[in-house]
Amino acid sequence: MSTLTTSTFGKSSRSSDGFTIVKAKHPGRWIAAGVLLALVALVLYSVFTNDRFGWPVVAYYFTDFSTARGLLITLELTVISMVIGMALGVILAVMRLSPNPVVRMAAAAYVYFFRGTPVLVQLLFWYNLAALYPTINLGILGLQFDANAVITPMFAAILGLGLNQGAYMSEIVRAGLLSVDSGQVEAAGALGINRFHTLRRIVLPQAMRVIIPPTGNETIGMLKTTSLVSVLAVPEVLYSAQVIYARTFDTIPLLIVASLWYIVVTTVLSIGQYYLERHFARGSQRELPPTPLQKIAYLFRVHDRRLPVSTKTDQENSR
Amino acid sequence: MTMQAEPAEAQAASGSNRMIWADAIHKSYGRNDVLKGIDLEVAAGEVVCLIGPSGSGKSTFLRCMNHLETVDDGIMWVAGRVVGYEMKGDRLREQSYAQVCRSRTKIGMVFQHFNLFPHMTVLENIMEAPTVALRQKKSVVRERAMRLLEQVGLAEKAQHYPRQLSGGQQQRVAIARALCMEPSLMLFDEPTSALDPELVGEVLKVMKDLARTGMTMVVVTHEMNFAREMADRVVFMDGGVIVEEGPAAELITNPRHPRTKEFLASVL
Ligand SMILES: Nc1ncnc2c1ncn2[C@@H]1O[C@H](COP(=O)(O)OP(=O)(O)OP(=O)(O)O)[C@@H](O)[C@H]1O
Ligand SMILES: [Mg+2]
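- As annotated in an unreviewed UniProt entry, chain B carries the name Amino acid ABC transporter ATP-binding protein and comes from Brevibacterium permense.
- What UniProt states about chain B under its Subcellular location (unreviewed entry) heading is, verbatim, "Cell membrane".

- As annotated in an unreviewed UniProt entry, chain A is Amino acid ABC transporter permease from Brevibacterium permense.
- Entered under Subcellular location (unreviewed entry) in the UniProt record, the comment concerning chain A runs "Cell membrane".
- Regarding chain A, the UniProt comment filed under Sequence similarities (unreviewed entry) reads as follows: "Belongs to the binding-protein-dependent transport system permease family."

This is how it looks when you write it as structure tokens:
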């Protein structure tokens, strides 16, 4: 074996202090990258030379007041629904891990019900709640509301999206809680830390590493699901665009405007998610994960370093 | 849980310098009887080593002392109080979890696998329980934590995360974490079993220093040298009962019971 290593790799020069490592060329990587870039260029060319895309109209409405206001409402819906969803998710997940079977089943029934029906149906349901309960009576507080006045389209939207999200978040949070070593709960218990603090300060922070990546996906999903509430005439991004193209018939350009805004926000959210993950990776690895730029650099890195003599002699000894 | 202890006996338990009094402890998992009536007394300031073959119930017994396991039958007294129950006349009422937590603050425990909180620095690990469970002031706790880190020889690692430390260092942090609660009793469950042989010494040294301060310690261990050198008493368990107990040197060098002889022959 030891003679093979030097003779078969003819180009490797053997110096007095060890082996020289020959770079691997990775020609396949360069070809694949080239083909893909050519395809992208073709698509872009077609898109920008086709007048029917209406790029001037896109540019005009991209920063238009009503789409900007729609964007604000979309963001508001996303944030509020996700906050409700996460709070509910934590509560439901803890309930599902409760020793009390009634509590456990109540949480499971909630998840079953909300996962089992389409969110669009739920939205319409909340919107039409007044048909079911014309007045909302909070008997204990002696308060009474007119359901039609309370359940505005926005309120129905938040209720529908948030309650539905709670069901999905509870599964994510539960997986996170289960991922934490039971020795952690034991150690906290042995130190006399109560259940609430154990959950909040010991278990949840560690569960976050498992919870955050899917929650990021859920947030991005929620951003786009908010477009469903256009059926309730809530003036978010899509509905704002629809209102304009109903008047001007610039359907495609306005759908592009809406899409562009969704992409912009998704991009911002993805970056946020990345740094959040880095934050919660604290203590889990000896080194923090690489930034995206470092990752690209690694991909194209070629092996160009020298093995010290000791490595060589070790190899020879082991043969 | 049956309860026959007379009030007079209860008085005796709190009146003497008895730190632990295990009275006919029974425990089973399903149909597996793990502890079959264990009686043991540990005086304040005493160091007792529990030895015995795997599966003999050492960990289970130790964990009954801070109510990590519930006792099926018999009574466990620690520091003059019944573990896990509130005594009202001749009745024992099960404690709430909050009450259990309060009693545990006086009992330190060190685990085989350290169980440090990986998302907190060494200093945060040590400061967590005193600030959260005892509600002590951060500045006071920090000072004590740093002094303890000094004692276990890890002052310069205060800002490191557990995963950046060796096993021996992690276990020393775990000991400091338990000590920062200023417990009156320390329980160790095979504290050196998960360590590479060359790291065992540094942990044992910390435990020896602790024993010399007069801390009451119950140590489940396979380290016979530690037992011989530091233990006031060694207790040999097998099959859920105490087979033999006695002064360390005597029991280890001159066991009387054949099962003890057999076990010692296999580990020495
Ligand atoms: N949570 C549990 N559920 C069911 N059985 C258990 C549980 N914990 C322990 N046991 C059983 O109880 C018996 C005693 O276990 P224990 O951990 O107390 O032994 P040990 O003396 O500490 O052994 P080792 O030296 O291996 O740690 C074993 O047979 C074990 O299988
Ligand atoms: Mg054990």
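Picking up after the structure, the text goes on.
With respect to the overall build of chain B
So, step 1. A tally of regular secondary structure across chain B gives ten helices and twelve strands.
So, step 2. Computed over its C-alpha atoms, the radius of gyration of chain B comes to 19 Å, within 12% of the 18 Å expected for a compact globule of 268 residues.
So, step 3. Overall, the C-alpha framework of chain B stretches about 50 × 45 × 35 Å when taken along its three principal axes.
So, step 4. Residues counted as buried form 56% of the 268 residues belonging to chain B.
So, step 5. Restricting to contacts in chain B with at least 6 residues of sequence separation, those with at least 24 account for 65%.
So, step 6. Across chain B, the 31 positively charged side chains and the 33 negatively charged ones have centroids separated by 6 Å.

Observations concerning the sheet that holds strand 1 (residues 18-29) of chain B
All names here are of chain B.
So, step 1. Strand order in the open sheet formed by four strands is 2-1-4-5, with antiparallel pairing between adjacent strands. In this open sheet, the two strands that pair with only one neighbour each are strand 2 (32-43) and strand 5 (81-82).
So, step 2. Relative to strand 4 (residues 73-78), strand 1 runs antiparallel, the two being bridged by five bridges. Among the inter-strand pairings, Ile20 is bridged to a residue of strand 4, identified as Val78.

Notes on a nonpolar patch on the surface
So, step 1. Judged by side-chain polarity, Ile31, Val35, Leu36, Leu39 and Leu42 of chain A come together as a nonpolar surface patch covering roughly 510 Å² of accessible area.
So, step 2. You can see Ile31 of chain A is positioned in helix 2 (residues 27-49).

Focus: the UniProt feature "transmembrane region" (unreviewed entry) in chain A
So, step 1. Feature annotation in UniProt assigns "transmembrane region" (unreviewed entry) to the following positions: residues 30-48, 68-95, 107-127, 147-164 and 252-276 of chain A.
So, step 2. Here residues 30-48 of chain A is 100% helix and 0% strand, with 27 Å between the C-alpha atoms at its ends.

Some remarks on the pattern of salt bridges
So, step 1. Applying the stated rule across the entire model yields 16 salt bridges over all chains.
So, step 2. With a closest N to O distance of 2.8 Å, Glu186 of chain A and Arg63 of chain B form a salt bridge. Linking Glu186 of chain A in helix 10 (residues 182-190) with Arg63 of chain B in helix 2 (residues 58-64), this pair reaches from one chain into another.
So, step 3. Measuring nitrogen to oxygen at the nearest pair gives 2.9 Å for the salt bridge that ties Glu41 of chain B to Arg18 of chain B. Linking Glu41 of chain B in strand 2 with Arg18 of chain B in strand 1, this pair joins segments that are 23 residues apart in sequence.
So, step 4. Taken together, the shared-partner salt bridges in this structure form one network comprising Arg96, Glu171 and Arg174 of chain A.

A few points about the UniProt feature "domain: ABC transmembrane type-1" (unreviewed entry) in chain A
So, step 1. Those places that UniProt annotates as "domain: ABC transmembrane type-1" (unreviewed entry) correspond, in this numbering, to residues 71-273 of chain A.
So, step 2. Secondary structure over residues 71-273 of chain A splits into 79% helix and 4% strand, and the C-alpha atoms at its two ends are 20 Å apart.

Thresholds, definitions, all that
- Residues numbered from 1 in each chain as written.
- Chains lettered and ligands numbered in written order.
- Predicted model: local features only at pLDDT ≥ 70, side-chain atom pairs only at ≥ 80, totals over all residues.
- Heavy atoms only, no water.
- UniProt positions renumbered as here; feature names shortened; annotations may be inferred.
- Helix = DSSP H or I, 4+ residues; strand = E, 2+ residues; numbered from the N terminus.
- Rg over C-alpha atoms; globule rule 2.2 N^0.38 Å.
- Buried < 20%, exposed > 50% of the residue type's maximum accessible area, 1.4 Å probe, protein only.
- Contact = heavy atoms within 4.5 Å.
- Lys, Arg positive; Asp, Glu negative; His and termini not counted.
- Charge placed at Lys NZ, Arg CZ, Asp CG, Glu CD.
- Pairing = 2+ DSSP bridges.
- Patch = residues over 30% accessible without salt bridge, like charges linked within 9 Å, V, L, I, M, F, W, Y side chains within 5 Å.
- Areas by Shrake-Rupley, 256 points an atom, 1.4 Å probe, with all protein chains shown as cover.
- Salt bridge = Lys/Arg side-chain N within 4 Å of Asp/Glu carboxyl O.

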